[in-house]
Amino acid sequence: MPRSARPKPGDEDPLREYRRKRDASLTPEPVPAAGPLPTGKDDTFVIQEHHARALHWDFRLERAGVLVSWAVPKGLPTDRRTNHLAVQTEDHPLEYASFGGSIPAGEYGGGNVVIWDRGTYETEEWTPDKVKVVLHGARARGRYVLFRTDPKNWMVHRMDEAEPGWTPLPDLVAPMLATPAGLPADGSGWTYEMKWDGVRAVGYVDGGRLTLRSRNDRDVTASYPELRALGAALGSTQVVLDGEIVAFDDQGRPSFGRLQQRLGVTSASQVRRLASSHPVVYVLFDLLHLDGQPTLTLPYTRRRELLEGLGLSGPGWQTPPALDGDGADLLAATREQGLEGLLAKRADSTYQPGRRTPNWLKIKNSLDIEVLIGGWRPGEGRRTGTLGSLLLGVPDEDGLRYVGKVGTGFTQSMLRDLEQRVSRLERTTSPFVDVPRKDAKDARWCTPRLVGEVAFSGWTTDGRLRHPSWRGLRPTRTPADASLATSRGGSGARPGG
């Protein structure tokens, strides 16, 4: 690899390294014969999007008869706030400025190459350790400087301001929340989406890399490696997406029980195994930022148009359609298909980060609630020797209020996992402010740190859950966070809770 950022005067063949790595009979890339280099104006640049083993952009500048080249993993920076890594590669022939195509697998640089932009440039400074240029392309315009940080690696920095109106990708957009409710009384002006029984996640894509953040702003990207290819699919498109991570059962229905096996897993080997055995899908339903333009103030229907215009459909992601029609008919259809329900969204609603508003309504076929586990009772009959039921509570101003026990909805793996978890939190006293003697009989208590979700049909007159069924643990939070979330409840929150 050459030390200099341009071919050295007197080099016998500046393209020797390029030819050594390629066989003209095996690759469609131009491989010119050795000989005198062509003479140009030293003013052509090209940027090629290269979907190789890892997505990157090849930035090439014509200089002394060759294209001096850098691989830039995240592409040229769009604003002055950040520098991007640029790895210098071998010089390329000038003919490469018009190359686009598929390099066969197994060959050097195997993968698809497309011309992302090309144009002319002006040189302001060119030394072995610094290259300062002004680009005049259709997509890449402005002043950039590349500066060496070690023999191989450089950094690229944008020197001028971004295009007028360009807004950098936000660091955080808290997801907008829906209000639990019934169908809207006035059906006009509403659009409907299926309600997915998954985990909310906001996706940030910059430089072909996806970052997933949970509703509590935890980076969960590493937990879902099968979703990373979404970043490569978007390439240089810079976006913030809103959606839900969903696992589907063998009948194609969302299964929170199956998804639960993916939550909180941090071991890389276990994550890889589960990604194969229990894959997830990132279901997309909103677009919050697109190529330097925030979209939060646009109406919902316009955001959906922009989202659908991206054509995001792949092995681990999909954009289900928004639905127009009679809400009651749509809700009945979800009930027949065993789905959780609907989301109703006002067609003209803006996106209000972190707020729960009546512009989005959460309409469920059954009630559910987040609860804290405060104890358990041993099983009887076929469950003898294992966990039989969980004792549940929600916090209020007096402490942890008992709301009943749940003994159905468990799989064997759930029971084994819960038994281990509650045993680690065991204590000698009840955490509840009130628990009936009959439910406390034979009970074993635990510190209420585990947050679970229970489906139920309503409330009894004494404030207990009617017909509860266990749905699963929710992602781990601090006790304070869990108490706050639970006290707000869901569509089944206790009156006055």
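Thresholds applied
Residues numbered from 1 in each chain as written. Predicted model: local features only at pLDDT ≥ 70, side-chain atom pairs only at ≥ 80, totals over all residues. Heavy atoms only, no water. Helix = DSSP H or I, 4+ residues; strand = E, 2+ residues; numbered from the N terminus. Buried < 20%, exposed > 50% of the residue type's maximum accessible area, 1.4 Å probe, protein only. Contact = heavy atoms within 4.5 Å. Areas by Shrake-Rupley, 256 points an atom, 1.4 Å probe, with all protein chains shown as cover. Lys, Arg positive; Asp, Glu negative; His and termini not counted. Charge placed at Lys NZ, Arg CZ, Asp CG, Glu CD. Pairing = 2+ DSSP bridges. Axes fitted to C-alpha atoms, helices over the stretch in contact; angles between N-to-C directions. Polar contact = N/O pair within 3.5 Å; in protein donor to acceptor, adjacent residues only side chain to side chain. Salt bridge = Lys/Arg side-chain N within 4 Å of Asp/Glu carboxyl O. pLDDT = per-residue confidence, 0-100. Phe/Tyr/Trp six-rings, centres within 6.5 Å; stacked < 30°, edge-to-face > 60°. Lys NZ or Arg CZ within 6 Å of the ring centre and 35° of its normal.

## Some remarks on the overall build of the protein chain
A tally of helices and strands in the protein chain yields nine helices and 30 strands. A buried classification covers 49% of the 497 residues belonging to the protein chain. At a minimum sequence separation of 6, the contacts of the protein chain that also span at least 24 residues come to 63%. For the protein chain, the accessible surface area stands at approximately 22,800 Å², while carbon and sulfur atoms represent 50% of it. Counting 67 positive and 62 negative side-chain charges, the protein chain places the averaged centre of each group 6 Å from the other.

## As for the sheet that holds strand β12 (residues 190–194)
What the four strands build is an open sheet, ordered β11-β20-β19-β12; its pairing is mixed. A strand with exactly one partner marks an edge of an open sheet, and here the two such strands are β11 (177–180) and β12. Strand-to-strand twist of the sheet, defined as the mean angle between neighbouring strand axes without regard to direction, takes the value 40 degrees. As paired strands, β11 and strand β20 (residues 356–364) are joined by four bridges and run parallel to one another. Paired with A178 across the bridge in β20 is T357. Contacting β12, β19 (341–346) and β20, helix α5 (residues 300–309) runs over the sheet at an angle of about 45 degrees to β12. Relative to the sheet, helix α6 (residues 327–336) contacts β12, β19 and β20, its axis offset from that of β19 by approximately 150 degrees.

## A look at the pairing of strand β1 (residues 44–51)
For β1, the buried fraction is high: six of the eight residues fall into the buried class. Pairing of β1 with strand β7 (residues 111–127) involves eight bridges; the strand directions are antiparallel. Directly across from I47, in β7, lies its bridge partner D117. As defined by bridge partners, β1 adjoins strand β2 (residues 55–63) across seven bridges and the pair is classed as antiparallel.

## Here we look at the environment of R141
Mapped onto the elements of the fold, R141 is located in strand β9 (residues 141–148). On a C-alpha basis, the gap between R141 and I47 in space is 12 Å, while along the polypeptide they are 94 residues apart. Within polar-contact distance, the side chain of R141 engages the backbone oxygen of A138 at 2.4 Å.

## Here we look at the pattern of salt bridges
Overall, the coordinates contain 39 salt bridges when judged by the stated rule. Residue R80 pairs with E161 through a salt bridge whose shortest N-O separation is 3.0 Å. With R80 in the loop between β3 (66–72) and β4 (84–88) and E161 in the loop between β10 (153–158) and β11, the pair connects residues that are 81 residues apart, well separated along the chain.

## So, unusual backbone geometry
The phi dihedral of D217 is positive, around 65 degrees, even though this residue is not glycine. Overall, D217 belongs to the partly exposed group, its relative accessible area being 30%.

## Overview of the side chain of E244
Among the structural elements, E244 can be located in strand β15 (residues 239–246). Buried within the structure, E244 lacks any salt-bridge partner; K195 is the closest side chain of opposite charge, at an N-O distance of 5.2 Å. In this structure the side chain of E244 is engaged in a polar contact, spanning 2.9 Å, whose partner is the backbone nitrogen of G198. In contact with E244, not counting residues within four places along its chain, are W196, D197, G198, V199, R200, A201, V281, Y282, V283 and F285.

## A short note on the environment of T386
Within the fold, T386 resides in the loop between β21 (367–378) and β22 (387–396). Overall, T386 belongs to the partly exposed group, its relative accessible area being 21%. It is 7.5 Å that separates the C-alpha atoms of T386 and E419, two residues lying 33 residues apart in sequence. Filtering out sequence-adjacent residues up to four positions away, T386 remains in contact with P378, G379 and E419.

## Comments concerning the confidence of the model for the protein chain
Of the residues in the protein chain, 93% reach a pLDDT of 70 or more, and the chain-wide mean stands at 90. Here residues 478–497 is modelled with pLDDT under 50, and outside its nearest four sequence neighbours on either side it reaches 38 contacts, counting other chains as well.

## A few points about the pairing of β10
Side chains of β10 alternate between two faces, with W154, V156 and R158 buried and N153, M155 and H157 left unburied. Linking β9 to β10, which pair antiparallel, is a turn of four residues.

## Focus on the packing of aromatic side chains
Taken as a whole and assessed by the stated rule, the structure comprises ten aromatic pairs. An angle of 80 degrees between the planes, with centres 5.2 Å apart, marks the rings of Y402 and F432 as edge-to-face. Remark: F432 occurs in strand β25 (residues 432–434) and Y402 occurs in strand β23 (residues 399–406); sequence separation between them is 30 residues. Here the aromatic residues Y18, Y96 and F99 are joined through ring pairs into a cluster of three or more. The ring of W126 has R63 lying over it, and the distance from NZ or CZ to the ring centre is 4.3 Å. One Lys or Arg, K345, reaches over the ring of W360 and ends 3.7 Å from the middle of that ring.

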